[in-house]
Amino acid sequence: MINNPVIFYISAALIIFFALFSVFSKKIINSLLWSVLVFFTAAVIFYVLGSEYNAIIQAAIYGIAVPVLLGISIMFSAGKDDSGKGFAINFFAIIFAVVFTLFFIDAVVISLMKQPESFILQELPKVNFYDVISSFVKGLFINYVWAFELMGLLLTVTIAGIAVFKRKGA
Amino acid sequence: MEITMYHYLFVGLVLFLIGVLGSILAQNVIKVLIAIEIMLTGININFVTFGTYCGAESFDGYIIALFYTGIGAVELAIALYIFYLMFQKKKSENIERYREL
């Protein structure tokens, strides 16, 4: 785990900004691109928290696979967006963004004043691979083996269901 | 100022609330799905935080976050397939036209 306030505050501010932009973007493709940034920043937070596996899986599934699915959906429905509502940059949005940014800058400055060495990354991630892998294996195949099997069954049913629907549709 | 568990939980909570807000306000079906994925990301951050701070040896939170990631991807695939089927009839992404769901 990297217990560094500067990295935490920057990644927290970025993920909240990206999530707000993603939710309030007017164009759907912009919303998707901002959400990709949210997922990658979440992977960074997982890495900071010391869970490299979750970070990799988050980046692979949510950062790459899920946006591809959503992007294909946007492509086949292109031009049919009649929602008509979205985010317009107005006075209140600018005020909110300024206050939000100042709050996070203030948090970083206070952290640096109280803990000046946090600006330098002193704590490098220390991973004891044997412990981490054995704990994951124990969790997946012993403690949560039913959940693991259920998850595999769910994925299989999903794939089979899509194949059946596809054949019926054809 | 030392970073504690509550800082990460707060970030997860804010992400979850942004996702809730987005899923309520959005008029576009795909935007609703994106907002739901943001909610799931907030929940995952909470799980990983608990795994780091509360389960030093067993990593339970990490494993539950892994399951949640898989279930989230499956849920999205099913939701998009339902959307695809409905879109062929409705020819619109507006959520108001999907009331019969």
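Everything quoted here is computed from the prediction, not taken from an experiment. Position numbers for residues start from 1 in each chain and track the written sequence from start to end. In the order they appear in the text, chains get letters beginning with A and ligands get numbers beginning with 1. Since the coordinates come from a predicted model, pLDDT governs what is reported: local features require at least 70, and pairs of side-chain atoms require 80 or more to be given and counted, while whole-chain, interface and lining totals use all residues. Values reported for side chains reflect all heavy atoms of the structure, with hydrogen atoms and water molecules removed beforehand.

Quick notes on the overall build of chain B
Here a strand is any run of E in DSSP of at least two residues, a helix any run of H or I of at least four, and the numbering for each starts at the N terminus. Helix and strand counts for chain B stand at 3 helices and 0 strands. Along chain B, helices (α) and strands (β) appear in the sequence α-α-α when read from the amino end. Residues counted as buried form 55% of the 101 residues belonging to chain B. Any two residues having at least one pair of non-hydrogen atoms within 4.5 Å are treated as being in contact. Long-range pairs, those at least 24 residues apart, make up 57% of the contacts in chain B between residues at least 6 apart in sequence. Only the protein chains shown count as covering a residue, and every accessible area follows the Shrake-Rupley method with a 1.4 Å probe. Put simply, chain B shows about 4400 Å² of open surface, and 67% of that area lies on carbon and sulfur atoms. Partly exposed residues are those whose accessible area sits between 20% and 50% of the maximum for their type, while under 20% is buried and over 50% is exposed, using a 1.4 Å probe and protein chains only.

Regarding a nonpolar patch on the surface
Residues forming no salt bridge and having over 30% relative accessible area are the ones grouped into patches, like charges within 9 Å of each other and nonpolar side chains (Val, Leu, Ile, Met, Phe, Trp, Tyr) within 5 Å. Criterion for a salt bridge: a side-chain nitrogen of Lys or Arg within 4 Å of a carboxyl oxygen of Asp or Glu. A cluster of nonpolar side chains, contributed by Phe 40, Ile 64, Val 68, Ile 72 and Phe 76 of chain A together with Tyr 84 and Leu 85 of chain B, occupies part of the molecular surface with about 600 Å² of accessible area. Elements that contribute at least two residues to the nonpolar patch include exactly helix 3 (52–76) of chain A together with helix 3 (60–90) of chain B. In terms of residue count, helix 3 of chain A provides more of the nonpolar patch than any other element does, 4 residues in total. Looking at the element boundaries, Phe 76 of chain A is found in helix 3.

Digging into the nonpolar core
The criterion is simple. A nonpolar core is a set of buried Ala, Val, Leu, Ile, Met, Phe, Trp, Tyr and Cys residues joined through side-chain atoms within 4.5 Å. The biggest cluster of nonpolar side chains holds 62 residues, and the ones touching the most others in it are Ile 15, Ile 16 and Leu 70 of chain A. Elements that contribute at least two residues to this core include exactly helix 1 (5–24), helix 2 (28–48), helix 3, helix 4 (91–114) and helix 5 (129–143) of chain A together with helix 1 (5–25), helix 2 (29–53) and helix 3 of chain B. Considering every element that reaches this core, the biggest residue donor is helix 1 of chain A, with 12 residues. Throughout, the edges of the domains are those of an automatic or database domain assignment. When residues of this core are assigned to domains, at least three fall in each of domain 1 (5–126) and domain 2 (128–170) of chain A. Ignoring sequence-local partners within four residues, the contact set of Ile 16 of chain A consists of Phe 100 and Phe 104 of chain A together with Val 14 and Ile 18 of chain B.

Here we look at the packing of aromatic side chains
Residue and element names in this part refer to chain A. Any pair of Phe, Tyr and Trp rings, taking the six-membered ring for Trp, is counted once the centres come within 6.5 Å. Such a pair is stacked with planes under 30 degrees apart, edge-to-face with planes over 60 apart, and tilted for the rest. For the structure shown, the criterion picks out 14 aromatic pairs over all chains. Relative to Tyr 9, the ring of Phe 8 has its centre 5.2 Å away and its plane inclined at 65 degrees; by these criteria the two rings are edge-to-face. Given a relative accessible area of 6%, Tyr 9 falls into the buried group. An angle of 50 degrees between the planes, with centres 5.2 Å apart, marks the rings of Phe 39 and Tyr 62 as tilted. Here Tyr 62 lies in helix 3 and Phe 39 lies in helix 2, a separation of 23 residues in the sequence. Residue Phe 39 is classed as buried on the basis of its relative accessible area, which comes to 1%.

Quick notes on the packing of helix 1 of chain A against helix 2 of chain A
Residues and elements named next belong to chain A. At a minimum axis distance of 8 Å, the contact between helix 1 and helix 2 shows a crossing angle of 155 degrees. The pairing of helix 1 with helix 2 is recorded here as roughly antiparallel in orientation. Here helix 1 runs over helix 2; the crossing is left-handed. Packed against helix 1, whose contacting residues are Ile 7, Ser 11, Leu 14, Ile 15, Phe 18, Ala 19, Phe 21 and Ser 22, the element helix 2 presents Ser 31, Trp 34, Ser 35, Leu 37, Val 38, Thr 41, Ala 42, Ile 45 and Val 48 at the interface. Three classes are used: nonpolar for Ala, Val, Leu, Ile, Met, Phe, Trp, Tyr, Cys and Pro, charged for Asp, Glu, Lys and Arg, and polar for all others, with Gly counted as polar. Its residues assigned to classes, the contact of helix 1 with helix 2 shows 12 nonpolar, 5 polar and no charged. Axes, fitted as lines to C-alpha atoms, cover a helix only where it is in contact. Angles between the N-to-C directions of the axes lie from 0 to 180 degrees. To sort the angles, those under 35 degrees are grouped as roughly parallel, those over 145 as roughly antiparallel, those from 65 to 115 as roughly perpendicular, and the leftovers as oblique. Left-handed describes a crossing whose near helix is turned anticlockwise from the far helix through less than a right angle; right-handed describes the clockwise counterpart.

Side note on the interface of chain B and chain A
Taken together, the contacts link 58 residues of chain B with 66 residues of chain A. The term buried area means the drop in 1.4 Å probe accessible area that two parts suffer when joined, counted for both and summed. Surface buried jointly by chain B and chain A totals about 5500 Å² across both partners, of which 76% is contributed by carbon and sulfur atoms. At the junction of chain B with chain A, the criterion picks out 0 salt bridges. Looking at the side of chain B that touches chain A, the elements with two or more residues in it are helix 1, helix 2 and helix 3 of chain B. At 22 residues, the largest contribution of residues to the side of chain B that touches chain A is made by helix 3 of chain B. The residue makeup of the side of chain B that touches chain A, split by class, is 36 nonpolar, 14 polar and 8 charged.

What about the environment of Leu 33 of chain B?
Looking at the element boundaries, Leu 33 of chain B is found in helix 2. Judged by relative accessible area, Leu 33 of chain B falls into the buried class, the value being 7%. Residues within four places of Leu 33 of chain B in sequence aside, it is in contact with Leu 70 of chain A together with Glu 75, Leu 76, Ala 79 and Leu 80 of chain B.

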